[in-house]
Amino acid sequence: MDIFLQQLINGLTVGSLYALVALGYTMVYGVMKLINFAHGDLVALSAFAGLTIYVEIFGEGKNSLFVVLSVFVITALIIAFVGVLLERLAYRPLRTAPRLSAVVSALGASLVIQNSIMLIWGPNMKIFPSNLFPSTIWTLHGVVFTFTQVMIMGISALLMVGLYIFINKTKMGTAIRATAIDQDAAKLMGINVNRVIMTIFIIGSALGAVAGLFIGINYRGITFDMGWMYGLNAFVAAIMGGIGNIPGAMLGGILLGLFNAMISGYISSEWAETFTFVLLVVILIFRPTGILGETIAEKV
Amino acid sequence: MRQSYKIAIVFLIVMGFFPLFSNSSWLAVGTTFLIYSVVAFSQDIILGRAGAFQMGHALFFGLGAYATAILNVHFGVPIIYTFIPAILIPLIMAIVLAGPIIHLKGDYLLVATIGFNIIFIQVIQNDVFGLTGGPNGIFGIDVVRIFGVEFMSQTAIYYMSFILLTLTLLIMRNLDASKYGRAMFYINKDDIAAQSMGINVRYYKLYAFALGSAIAGAAGSMFAIQYSAVSPEAFNVVQSIMFFTIVLVGGSASLPGVLIGTFVMFVLPEIFREFATARYLVFGLAMILTMILRPRGIWPVKFGNIPNYLKKDTK
Amino acid sequence: MSDYLLEIKDVSKFFHGLVAIDDLSMKVKKGQIYGIIGPNGAGKTTLFNCITGLYTPEKGEIIWEGKKINGIAPYKIAELGILRTFQTIRLFSEMSVAENIMSGRHIKSNQKWYNGIIHTPSMKKDEKKNWLKVGELMDFFELSKYATTPAGDLSYGLQRRIEMARALAAEPKLLILDEPAAGLNENETIKLAQTIRKVRDQGVTILMIEHDMDMVMSLCEYITVINFGAKISEGEPSFVQDDPVVIEAYIGSDEDE
């Protein structure tokens, strides 16, 4: 029972991070029908940029609310800017091209970001300082959870609720949903599709940036190629939930995080990825468009 | 496409004489280029022709390589006999793995095939049956012997790879001019129209998977011979992404395109080895730029490959 | 065996609980030119999609030569001899005209799985026979000079002809045409009517949706009128034309023809 509860906490933590990253994949996919392979690398870039901002601007050791908040906001702004730049340079010129061309462009962008990180920060692992968040630990019935974990779950939940409200209650949110259903029709209704896409890249990248910082703070060791692993898991989570579907990405992220934690706790972490993909294939065999994905009959 | 046959012949002649003008280290690069071209063509059958988003092709390349390595090193089977299982095992695995998911729409299939590749790597890395040698792989693969003659020089291996590529090109030509090859194009371009013409989409996609994987397996076997060793990183998802990219950068279903793609993605990085750290950055930029300037690849396919007796008064 | 080639019995099809086809029945005789008319959105194309297996109706039976065929995969329906064209033209647009028509020969070709890898003499014969048939069809539809042109580069009228040639290449028993005259000019329409008659005279039964009333009334031997997914009238053109229910449906709806 202890293992179960402990892994539940760990799973929810990782799951929240997957969900944050998965949202970036799913929003871009929903509107552009493109797998943004560079998204995971933006997450990695965020961890490195955040570390530099913290150490260089504020100085190691400072951990007032103001400093922490500033690091998050500045990093999120930078990553959002890079995300918008990415869309402008690598994806917008290919909007009318065959779908796979944009996929290759995304793969190229992933290489560019990953290797830029390596050239700037070097190929070796960088370590996040331990005192950005208080190192408070609570123990409840033998289950340990840290301040950082609580923050990750809490803030992720807040951001997701915020996003849900934004998408469903605001004018821009409506425009995003309309564009996702039919881009041409949206254009005819006077929706500025370029602005919708820019908004999506800003939100998706900023959420990914928050996840990247959390990854640094929680796991501390960051590497230039870590975006690939987180990106892939988050992408799988988005597919499980039904790609293009925002609640689906949240559900998929949490589900995959819990599943991974349980496999690691009860079976073996050596086989984590194998189990992840077996789960994915089983889900896809029974639900070809993911758990919450809708099967829309193709119009003939 | 007639023109592409001429290009293929010129290419084969050039590659046939290449060893005469090359030192042994370039000959090794040349051999690997031939082997990777074969894999790229096999990827093209699935991705470029049948239009199935296969992003785990290194799995089948690896299955062929490991089949040869395991049978030879652990069971003492002569290399020449390992060719057959190195072709059949990937073929069967392709049908078993792709069968249940072949109906998935584009990107869902893509991520499922990435998954198969990752599972394969974990299986060989964790050395499940004590046969795969874990992360280190398998060393000491024998040389090819036929009737007591040893084919161990780099030149001999080069020409074996050359024969394999020639056979692959012949298969591609035959495929193009057959019901099977055309059916792949039809389902790729419009699967609903294809079904309405009586084409069983599932069957032809699986056929493409089986054929492509069998050819990749043969290339894997040759790869094991060339390096006399196999290890997991030669067959991971990064390699799969490379094969995927080769086809699209070069030009889907285009014979010269796939060759150019292999050259650009494989030989160029070898040439620019000195710029080790920055080269993948440049590479990524080049991928983006190529797609923006040539969305259908550097040398896009040209259709209209029909018998001459039908070209009566074409304009 | 009944003298009906195709029978639709009480077929219903729903989308998200909304009825698209409502308890529809009709019978197509061998050798007939059969027309289906009705305002836009009446469910005509949905009916065609049910017959050709792209949709499975929730209720009712589709009977082909005495056997039930609903729920069968589209490619098997084509093998039975039911071929179609599409309202929104669906050609393999990057491929040449000849290659497009060759797709219709797919079910008539007897190549084996290994012929994709190795060519045999019998396979080459099969290949030649099928290409020659494509040549014949290109002559018949006056497409020969575009043999190697990508289908997508050609005009609307030509594309409609390619679609018909492609379907006929499969030597169908029933040819289903979904608005074959849409987008054609007057001359092209007259020519199309002649072509359809010629095709029927070769023994192919025709089932068509068309909005061009002049063409339908002069060409079709029997007509079913659909509105809101249900049959509101049927009979010979002269009868349907004067049926008050039909006039009401057309005037009542604000669709132009």
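Thresholds, definitions, all that
Residues numbered from 1 in each chain as written. Chains lettered and ligands numbered in written order. Predicted model: local features only at pLDDT ≥ 70, side-chain atom pairs only at ≥ 80, totals over all residues. Heavy atoms only, no water. Helix = DSSP H or I, 4+ residues; strand = E, 2+ residues; numbered from the N terminus. Buried < 20%, exposed > 50% of the residue type's maximum accessible area, 1.4 Å probe, protein only. Contact = heavy atoms within 4.5 Å. Areas by Shrake-Rupley, 256 points an atom, 1.4 Å probe, with all protein chains shown as cover. Lys, Arg positive; Asp, Glu negative; His and termini not counted. Charge placed at Lys NZ, Arg CZ, Asp CG, Glu CD. Rg over C-alpha atoms; globule rule 2.2 N^0.38 Å. Salt bridge = Lys/Arg side-chain N within 4 Å of Asp/Glu carboxyl O. Expected span 1.5 Å × (residues − 1). Pairing = 2+ DSSP bridges. Core = buried A, V, L, I, M, F, W, Y, C linked by side-chain atoms within 4.5 Å. Buried area = accessible area lost by both parts, 1.4 Å probe. Phe/Tyr/Trp six-rings, centres within 6.5 Å; stacked < 30°, edge-to-face > 60°. Patch = residues over 30% accessible without salt bridge, like charges linked within 9 Å, V, L, I, M, F, W, Y side chains within 5 Å. pLDDT = per-residue confidence, 0-100. Bend = angle between axes of the 7 residues up to and from the residue. Polar contact = N/O pair within 3.5 Å; in protein donor to acceptor, adjacent residues only side chain to side chain. Axes fitted to C-alpha atoms, helices over the stretch in contact; angles between N-to-C directions.

Asks: Account for the overall build of chain B, naming residues and giving values.
Replies: The number of helices and strands found in chain B is twelve helices and four strands. The proportion of buried residues among the 315 residues of chain B is 62%. For chain B, the share of sequence-separated contacts (at least 6 apart) that also reach a separation of at least 24 residues comes to 78%. In the form shown here, chain B has an accessible surface area of approximately 11900 Å², with 69% of it arising from carbon and sulfur atoms. Seen as two clouds, the 19 positive and the 12 negative side-chain charges of chain B have centres 14 Å apart.

Asks: Give a detailed account of the overall build of chain C, specifying residues and quantitative values.
Replies: The helix and strand inventory of chain C stands at nine helices and ten strands. In terms of C-alpha radius of gyration, chain C reaches 19 Å, essentially the compact-globule figure of 18 Å for 257 residues. In chain C, which comprises 257 residues, the proportion classed as buried is 56%. Look at the contacts in chain C between residues 6 or more apart in sequence, and 67% of them connect residues 24 or more apart. The averaged location of the 37 negative side-chain charges in chain C is 11 Å from the averaged location of its 30 positive side-chain charges.

Asks: A description of the pattern of salt bridges should follow, citing residues and the corresponding values.
Replies: Tallied over the entire structure, the rule returns 22 salt bridges over all chains. Residues R49 of chain B and D176 of chain B are paired through a salt bridge, measuring 2.4 Å at the closest nitrogen-oxygen approach. In this pair, R49 of chain B sits in helix α2 (residues 24-49) while D176 of chain B sits in helix α6 (residues 154-176), placing the two residues 127 residues apart along the sequence. R49 of chain B gets classed as buried once you look at its relative accessible area, which sits at 2%. Exposure remark for D176 of chain B: the relative accessible area of 10% places this residue in the buried category. A single salt-bridge network, built from bridges that share partners, covers E87, R92 and R95 of chain A.

Asks: Would you mind going over unusual backbone geometry in detail, with residue names and values included?
Replies: Backbone geometry places F147 of chain B, a non-glycine residue, at a positive phi of 50°. Structurally, F147 of chain B is set in the loop between β2 (144-146) and β3 (149-151). The class of F147 of chain B is exposed, set by a relative accessible area of 83%. Notably, E65 of chain C is not glycine yet its phi reads approximately 45°, a positive angle. By relative accessible area, E65 of chain C is classed as partly exposed at 24%.

Asks: Tell me what's going on with helix α4 (residues 121-140) of chain C, and back it up with residues and numbers.
Replies: In this model, α4 of chain C (20 residues) spans 29 Å end to end at C-alpha, consistent with the 28 Å of a helix rising 1.5 Å per residue. Among all positions in α4 of chain C, only M123, D126, E127, N130, W131, V134, G135, L137 and M138 of chain C are buried. The elements touched by buried residues of α4 of chain C are α7 (179-189) of chain B together with α3 (97-102) and α5 (156-169) of chain C. Positive backbone phi, at 55°, marks E142 of chain C, one or two positions downstream of α4 of chain C.

Asks: Help me get a handle on the sheet that holds strand β1 (residues 4-15) of chain C, residues and values and all.
Replies: All names here are of chain C. As summarised here, the arrangement of the four strands in space is β2-β1-β4-β5, forming an open sheet in which the pairing is antiparallel. Every interior strand has two partners, whereas the edge strands, β2 (18-29) and β5 (67-68), have only one. For strand β4 (residues 59-64) and β5, the ladder comprises two bridges, and the chain directions are antiparallel. For W64, the partnering residue across the bridge sits in β5 and is K67.

Asks: Describe the nonpolar core, and please don't skip the residues or the numbers.
Replies: Counting 268 residues, the largest nonpolar core has Y91 of chain A, F235 of chain B together with I101, L143 and I196 of chain C as its most contacted members. Excluding residues within four positions of it along the chain, L143 of chain C makes contact with V97, I101, M138, L158, R161, I162 and A165 of chain C. Ranked by size, the runner-up nonpolar core spans 26 residues in total, among them L24, Y34, F48 and I62 of chain C.

Asks: Let's hear about the interface of chain B and chain C: which residues, and what values?
Replies: Between chain B and chain C, the contact holds 39 residues from the first and 44 residues from the second. Summed over the three residues of chain B that lose the most area to chain C, namely K179, Y186 and M197 of chain B, the buried surface amounts to 19% of that side. Run the count over chain B and chain C and you get four salt bridges. In this structure, D190 of chain B engages R90 of chain C in a salt bridge whose closest nitrogen and oxygen atoms are separated by 2.7 Å.

Asks: Pulling in residues and values, what's your account of the packing of aromatic side chains?
Replies: For any pair of aromatic rings, geometry is given as the distance between the ring centres together with the angle between the planes. Residues and elements named next belong to chain B. Taken as a whole, this structure holds 37 aromatic pairs over all chains when the rule is applied. Ring geometry for F61 and F223: centres 5.3 Å apart, planes at 70°, overall edge-to-face. Of the two residues, F61 sits in helix α3 (residues 58-75) while F223 sits in helix α9 (residues 201-227), which places them 162 residues apart along the sequence. We note that F61, like F223, is buried. Site record: aromatic cluster; members linked through ring pairs are Y36, F61, Y66, F120, F223, Y227, F235, F243 and F266.

Asks: Which residues make up the environment of A249 of chain C, and what are the values?
Replies: All names here are of chain C. You can see A249 is positioned in helix α9 (residues 244-252). In the structure, A249 is positioned 105 residues away from S144 in sequence and 43 Å away in space, judged by C-alpha atoms. With near-sequence residues (within four places) excluded, A249 lies in contact with P39, N227 and I232.

Asks: So what about a nonpolar patch on the surface? Which residues, and what values?
Replies: On the surface, I84, L88, I89, I92, M93 and V96 of chain B cluster together to form a nonpolar patch covering roughly 510 Å² of accessible area. Within the element layout of this structure, L88 of chain B appears in helix α4 (residues 79-98).

Asks: So, the confidence of the model for chain B: which residues are in play, and what are the values?
Replies: Per-chain confidence: chain B averages 92 in pLDDT, with 97% of residues scoring 70 or above. Per-element averaging of pLDDT across chain B places β3 of chain B at the bottom with 84 and α9 of chain B at the top with 97.

Asks: Residues and numbers for α2 of chain B, please.
Replies: Residues and elements named next belong to chain B. Between its first and last C-alpha, α2 extends 36 Å over 26 residues, near the 38 Å set by a 1.5 Å rise per residue. Of all the bends in α2, the largest measures some 35° and sits at Q43. Among the 26 residues of α2, 22 are classified as buried, and the element is accordingly described as predominantly covered. For α2, the N-terminal capping position is held by N23, with its side-chain oxygen 3.3 Å away from the main-chain nitrogen of S25. Immediately beyond the C-terminal end of α2, within one or two residues, lies G51, with a positive phi of roughly 75°.

Asks: Tell me about the side chain of S196 of chain B, and please be specific about residues and values.
Replies: Considering the arrangement of structural elements, one finds S196 of chain B in helix α8 (residues 191-196). On the accessibility criterion, S196 of chain B (4% relative accessible area) is buried. Residues contacting S196 of chain B, with those up to four places away along its chain left out, are L54, A78, L83, R84 and F86 of chain C.

Asks: Please set out the sheet that holds strand β10 (residues 230-235) of chain C residue by residue, giving values where relevant.
Replies: All names here are of chain C. The six strands lie next to each other as β6-β7-β8-β3-β9-β10, forming an open sheet whose pairing is mixed. Of all strands in the sheet, those bounded by a partner on one side alone are β6 (82-84) and β10. Looking at each pair of strands side by side, their axes are set apart by 20° on average, direction ignored. As paired strands, strand β7 (residues 174-178) and strand β8 (residues 205-209) are joined by five bridges and run parallel to one another. Following the sheet pairing, D178 is matched in β8 by I209. α5 rests against β6 and β7 of the sheet, and its axis sits at about 160° to β7. Docked against the sheet, helix α6 (residues 186-201) engages β3 (33-37), β7 and β8, running at close to 150° with respect to β8.

Asks: Provide a residue-level description of the side chain of R160 of chain C, including the pertinent values.
Replies: Residues and elements named next belong to chain C. Tracing the chain through its elements places R160 in helix α5. Within the structure, R160 has its side chain in polar contact with the backbone oxygen of Q87 (distance 3.0 Å). Only 3.0 Å separates the side chain of R160 from the backbone oxygen of A182, close enough to count as a polar contact. Apart from residues lying up to four places away in sequence, R160 is in contact with F86, Q87, I89, D178, E179, P180, A182 and L184.

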